[in-house]
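Here is what each chain is made of, one letter per residue.
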Amino acid sequence: TMADVEQIIEDRLALSSIEDSDIVISSADPACSPVTNCFHTEDGYGREMTVSVSTEYRMGLVHVLLGWAGVPTTIDIATEATMRHE
């Protein structure tokens with residue numbers, strides 16, 4: 001299920017101490033709007049699905065030093081992967 005995919009992503013992020021993230025599963029294919037129309041359905045096989053993950057990352061001890069220098073102590077990181085649904 002989509003919830004299973006999101007849980008696996010959250011488990012992997014937790015290994016890097018990333019607790020708070022935004023996970024979006026989407027498709028540019030109009031037939032997959034909403035995405036649940038294609039997720040693990042016969043109509044969805046072969047269609048492209050995209051998983052996007054973004055979070056705000058605090059840079060450990062370095063963030064204290066950066067804060068003193070007036071530099072932002074967090075950075076936004078994001079990635080996405082597009083694959084054919086099989």
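Throughout, a residue's number is its position along its own chain's written sequence, starting from 1. Only residues with pLDDT of 70 or above have their local features reported here, since the model is predicted, and side-chain atom pairs are shown and tallied only from 80 upward, although totals for entire chains, interfaces and linings are computed over all residues. Hydrogens and water are ignored here; the side-chain numbers use all heavy atoms of the structure.

## Description of the overall build of the protein
Right, on to step 1. Strands here are runs of E lasting at least two residues and helices are runs of H or I lasting at least four, both read from the DSSP assignment and numbered beginning at the N terminus. Along the protein, the regular secondary structure elements total two helices and three strands.
Right, on to step 2. Along its sequence from the N terminus, the protein presents helices and strands in the succession α-β-β-α-β.
Right, on to step 3. Its C-alpha atoms give the protein a radius of gyration of 17 Å, clearly above 12 Å, the size a compact globule of 86 residues would have.
Right, on to step 4. Based on the C-alpha atoms only, the size of the protein along its principal axes is roughly 55 × 25 × 15 Å.
Right, on to step 5. Each residue's exposure class comes from its accessible area (1.4 Å probe, protein chains only) as a fraction of the maximum for that residue type: buried when under 20%, exposed when over 50%, partly exposed otherwise. Burial statistics for the protein: of 86 residues in total, 23% are counted as buried.
Right, on to step 6. The contact criterion used is simple: two residues touch if any of their non-hydrogen atoms lie within 4.5 Å. Of the contacts made within the protein by residues no fewer than 6 positions apart, 55% connect residues no fewer than 24 positions apart.
Right, on to step 7. Only the protein chains shown count as covering a residue, and every accessible area follows the Shrake-Rupley method with a 1.4 Å probe. Working note: accessible area of the protein is about 6,200 Å², and carbon and sulfur atoms make up 54% of it.
Right, on to step 8. Positive charges come from Lys and Arg, negative ones from Asp and Glu, while His and the chain ends are left out of the count. A single reference atom marks each charge: NZ on Lys, CZ on Arg, CG on Asp, CD on Glu. Both charge centroids of the protein, one from 4 positive and one from 15 negative side chains, sit 5 Å from each other. Computation of the radius of gyration draws on C-alpha atoms alone. For the globule rule, the value is 2.2 Å times the number of residues to the power 0.38.

## Side note on the nonpolar core
Right, on to step 1. As used in this record, nonpolar core signifies buried Ala, Val, Leu, Ile, Met, Phe, Trp, Tyr and Cys residues forming a set joined through side-chain atoms within 4.5 Å. Counting residues in each nonpolar core, the largest one holds seven residues, listed as M2, I25, C32, V35, C38, F39 and M49.
Right, on to step 2. Not counting the four nearest positions on each side in its chain, I25 is found in contact with M2, V5, E6, V35, F39, M49, T50 and V51.
Right, on to step 3. Judged by nonpolar contacts, the second largest core, of five residues, contains I9, L13, I18 and I23.

## With respect to the pairing of strand β3 (residues 74-84)
Right, on to step 1. A small share of β3 lies buried, amounting to zero of its 11 residues.
Right, on to step 2. DSSP calls a pair of strands paired once it identifies at least 2 bridges connecting them. Where strand β2 (residues 48-58) and β3 come together, 11 bridges link them in antiparallel fashion. Residue pairing in the sheet places Y57 in a bridge with I75 of β3.

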